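One letter stands for each residue in the lines below.
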Amino acid sequence: MDFRRLEAFCKVYELRGFSKAGLALGLSQPTISAHVAALEKELGVTLFDRLGREVLPTPSGDELYQGVTKAFSTLERTKASIDFMRDHVAGPLVVGASTIPAHYLLPRIMACFLQEHPEVHISMKVGDSRDVFNQVLSGQVMFGVAGMAHEHEELNCDPLLADRLVIIAAPGSIQQGSELTAQD
């Protein structure tokens, strides 16, 4: 399978349109269509249902997308590892994050990281914790930061920070110095 064809397919899948994919990749819509048609011919399946202007992936399209994104992710990690061995940190870094880490923790950390490694291009996919786990499992992101751990044999979850919650109340509604339980 040709890398450019797979890249075009993935962009159509993600953007749900041939013209949109062409714009994103700097290619014409007919070129994108030709790439997808060649893949469909090679695989002997239809990858998209074309309903007027709407483009929806078929089950075969879903399967190919999952496999290709994992393969692309593996290639990016391999290149990053080789760059790291050369003491050269560069390239794309795709991070998954649940809402609170995405808005309150990661921006400062990513800014510091980018100052040290200006050739890295970070993008972040934000969702709830379950979305983050699914993105890591499917290879859509290189790693994720979420508000809760998730047990899965293919994932390593390590605590990053401890969270402290406090109660804020009107004066006199809680006895000063008393300890409250979660049930209280």
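Because the structure is predicted, anything quoted here is derived from the model rather than measured. (Residues numbered from 1 in each chain as written. Predicted model: local features only at pLDDT ≥ 70, side-chain atom pairs only at ≥ 80, totals over all residues. Heavy atoms only, no water.)

Undergrad: Provide a residue-level description of the sheet that holds strand 5 (residues 143-145), including the pertinent values.
TA: In spatial order, the strands read 4-3-5; together these 3 strands make up an open sheet with parallel pairing. With one partner strand each, in any of the chains shown, strand 4 (120-127) and strand 5 form the two edges of the open sheet. In this sheet, neighbouring strand axes are inclined to one another by 30° on average, regardless of whether the strands run parallel or antiparallel. Pairing of strand 3 (residues 91-98) with strand 4, which is carried by 8 bridges, proceeds in the parallel orientation. For Val94, the partnering residue across the bridge sits in strand 4 and is Ser123. Most of the contacts of helix 6 (residues 129-138) go to strand 3, to which it runs at about 145°, and overall it touches strand 3, strand 4 and strand 5. (Pairing = 2+ DSSP bridges. Helix = DSSP H or I, 4+ residues; strand = E, 2+ residues; numbered from the N terminus. Axes fitted to C-alpha atoms, helices over the stretch in contact; angles between N-to-C directions. Contact = heavy atoms within 4.5 Å.)

Undergrad: So what's going on with unusual backbone geometry? Which residues, and what values?
TA: Phi is positive for Arg16, which is not a glycine, with a value near 55°. Tracing the sequence through the fold places Arg16 in the loop between helix 1 (3-15) and helix 2 (18-25).

Undergrad: Lay out the pairing of strand 2 (residues 54-57) with the relevant residues and their values.
TA: Where a strand is regular, its side chains alternate between the two sheet faces. Only one face of strand 2 is buried: it carries Val55 and Pro57, and the other face, with Glu54 and Leu56, is open. Pairing geometry for strand 1 (residues 48-51) and strand 2, over 4 bridges, is antiparallel. Looking at strand 2, one finds that Phe48 is bridged to Pro57. Here strand 1 folds back onto strand 2 in antiparallel fashion, the turn holding 2 residues, of which Gly52 has a positive phi close to 65°. (Buried < 20%, exposed > 50% of the residue type's maximum accessible area, 1.4 Å probe, protein only.)

Undergrad: Describe the environment of Phe113, and please don't skip the residues or the numbers.
TA: Examined against the element boundaries, Phe113 turns out to sit in helix 5 (residues 99-116). Note on Phe113: relative accessible area 30%, which makes it partly exposed. What Phe113 contacts, discounting residues up to four positions off in sequence, is Val89, Leu93, Val120 and Ile122.

Undergrad: Describe the confidence of the model for the protein, and please don't skip the residues or the numbers.
TA: Overall, the prediction assigns the protein a mean pLDDT of 87, with 99% of residues at 70 or greater. The secondary-structure element of the protein with the lowest mean pLDDT is helix 4 (residues 59-85), recorded at 87, while helix 3 (residues 29-43) shows the highest, at 94. (pLDDT = per-residue confidence, 0-100.)

Undergrad: A description of the packing of aromatic side chains should follow, citing residues and the corresponding values.
TA: Scanning the model with the defined rule gives 5 aromatic pairs in all. When the centroid spacing of 5.0 Å and the interplanar angle of 50° are considered together, the rings of Phe3 and Phe72 count as tilted. Here Phe3 is found in helix 1, whereas its partner Phe72 is found in helix 4, with 69 residues between them in sequence. Judged by centre distance (3.9 Å) and plane angle (10°), the rings of Tyr13 and Tyr65 are stacked. Taken together, the positions of Tyr13 in helix 1 and Tyr65 in helix 4 put the pair 52 residues apart, joining distant regions of the chain. Under the relative-accessibility criterion, Tyr65 is labelled buried at 5%. Joined through ring pairs, the aromatic side chains of Phe9, Tyr13, Phe18, Phe48 and Tyr65 make up one cluster. For the cation-ring pair, Arg16 lies above Tyr13, with the distance from its terminal atom to the ring centre recorded as 4.8 Å. (Phe/Tyr/Trp six-rings, centres within 6.5 Å; stacked < 30°, edge-to-face > 60°. Lys NZ or Arg CZ within 6 Å of the ring centre and 35° of its normal.)

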